Amino acid sequence: MAIMRLDKALSMTGMTRAEARKAVAAGRVQAGGTAVRDPGFKAEPANILLDGQPIDAPEHIYVMLNKPAGIVTATEDSRWQTVLSLMPEHIARRRPGPVGRLDRDVTGLVLLTDDGQLAHRLISPRTKAEKVYLAECEGALDAEDTALFASGMALSDFTAKPAKLDILSSGDTSRALVTLTEGKFHQVKRMFAAAGHPLLRLRRLSIGGVKLDESLDEGEWRMLTDEEVEILRAVR
Ligand code: URA
């Protein structure tokens, strides 16, 4: 891209010119490796950093977040802290939306993107994006529960599509991996409740073949790699 004023280059990332000038004055902007405090300074956008991040931003951003409990999967909420509030300003400014929802008490993988087309396709009921959850429930799970999940459970207002239940441990409480291609409201909780095993904990481990990065603590995030974005694009 052509050489241009810092304030103009920054405004192309979604900032107003006034915000851009303030950011420059505050020393948050570097051009060619050094902080520059003159908004009229001219540089190539590819050589400009804001808060240490390149501003020559890609067309879309794709983020994976390890969602903690107590946070809502929304961009705005009047009562609760949102997943967007866990993002730094340069990401939040692009208003990436969550791909589907996790309940407030559920933890694990949330994808956020400003690629509306991909997000829409991944949450469409026509797309078979598999979601894998680690569930901990009351009581001893057994082969009958696996068969029940596989049969397509009738819930009060819909019949769930066949789901896979892999039992990891069984006793006073049990742990299992659950694989679904749907994402109806409280679906996993409702399936376990209907099977007589109320859920104690639920954590999402993967979406459409993209796995939660185990090195992310709860509340931490990272950008998806190009390979992970390709995996999501290939989901049919
Ligand atoms: N199923 C649920 O019950 N809750 C979630 O957050 C996701 C799936």
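Residues numbered from 1 in each chain as written. Predicted model: local features only at pLDDT ≥ 70, side-chain atom pairs only at ≥ 80, totals over all residues. Heavy atoms only, no water.

Undergrad: Can you walk me through the domain arrangement of the protein chain in this structure?
TA: Quite often, the size of an interface is put as the accessible area lost when its parts meet. By the assigned domains, the protein chain splits into domain 1 (4-54), domain 2 (62-125 + 210-233) and domain 3 (131-207). Taking the mean C-alpha position of each, domain 1 and domain 2 sit 27 Å from one another. (Domains from an automatic or database assignment.)

Undergrad: Please clarify how the site of the ligand should be interpreted in this entry.
TA: By nearness alone, every residue bordering the ligand is listed as L102, D103, V106, Y133, H186, Q187, V188, K189 and L202. One nitrogen or oxygen atom from the main chain of Q187 is found 3.4 Å from an oxygen atom belonging to the ligand. Protein contact buries 96% of the 240 Å² of open area that the ligand shows by itself. Here the element with the most residues in the shell around the ligand is helix α6 (residues 187-194); it accounts for 3 residues. The residue inventory of the shell around the ligand, partitioned by class, reads 5 nonpolar, 2 polar and 2 charged. If you count residues domain by domain, the shell around the ligand takes at least three from each of domain 2 (62-125 + 210-233) and domain 3 (131-207). (Near = heavy atom within 4 Å. Polar contact = N/O pair within 3.5 Å; in protein donor to acceptor, adjacent residues only side chain to side chain. Areas by Shrake-Rupley, 256 points an atom, 1.4 Å probe, with all protein chains shown as cover. Helix = DSSP H or I, 4+ residues; strand = E, 2+ residues; numbered from the N terminus. Nonpolar A, V, L, I, M, F, W, Y, C, P; charged D, E, K, R; others polar.)

Undergrad: Hey, could you run me through the pattern of salt bridges in this one?
TA: Any two side chains of opposite charge can pair, so long as their charged atoms come close to each other. One pass over the full model with this rule turns up 18 salt bridges. Taking the shortest distance from any N to any O, the salt bridge between R203 and E218 comes out at 3.6 Å. Separated by 15 residues along the polypeptide, R203 in strand β13 (residues 199-207) and E218 in the loop between β14 (210-211) and β15 (221-223) bring together distant segments of the chain. Classification of E218 by relative accessible area gives partly exposed; the value is 44%. (Salt bridge = Lys/Arg side-chain N within 4 Å of Asp/Glu carboxyl O. Buried < 20%, exposed > 50% of the residue type's maximum accessible area, 1.4 Å probe, protein only.)

Undergrad: How do you make sense of the packing of aromatic side chains when you look at a structure like this?
TA: Centre-to-centre distance and the angle between the planes together describe a pair of aromatic rings. Taken as a whole and assessed by the stated rule, the structure comprises 1 aromatic pair. The ring of W80 has R104 lying over it, and the distance from NZ or CZ to the ring centre is 3.6 Å. (Phe/Tyr/Trp six-rings, centres within 6.5 Å; stacked < 30°, edge-to-face > 60°. Lys NZ or Arg CZ within 6 Å of the ring centre and 35° of its normal.)

Undergrad: So what exactly am I meant to see when it comes to the environment of D172 here?
TA: Here D172 shows up in the loop between β11 (164-169) and β12 (173-180). For D172, a relative accessible area of 75% puts it in the exposed group. Expressed as a C-alpha distance, the spacing of D172 and L141, which sit 31 residues apart in the sequence, is 9.3 Å.

Undergrad: What is the right way to read the nonpolar core from this model?
TA: Most often, soluble globular proteins have nonpolar side chains that are buried together. Among the nonpolar cores identified, the biggest contains 33 residues, and M87, F149, M191 and F192 are the most heavily contacted of them. If you list the elements that add at least two residues to this core, you get β7 (62-67), α3 (89-92), β9 (107-113), β10 (131-138), β12, α6 and β13. Looking at which domains feed residues into this core, each of domain 2 (62-125 + 210-233) and domain 3 (131-207) supplies at least three. Apart from residues lying up to four places away in sequence, M87 is in contact with V63, L65, A92, L112 and W221. (Core = buried A, V, L, I, M, F, W, Y, C linked by side-chain atoms within 4.5 Å. Contact = heavy atoms within 4.5 Å.)

Undergrad: Looking at this model, I keep getting lost on the pairing of β11. Mind explaining?
TA: A regular strand places its side chains on the two faces of the sheet in alternate fashion. The pairing of β11 with β12 spans 5 bridges and is classified as antiparallel. In the strand pairing of β12, K164 is matched with T179. Hairpin remark: β11 followed by β12, antiparallel, with 3 residues in the connecting loop. (Pairing = 2+ DSSP bridges.)

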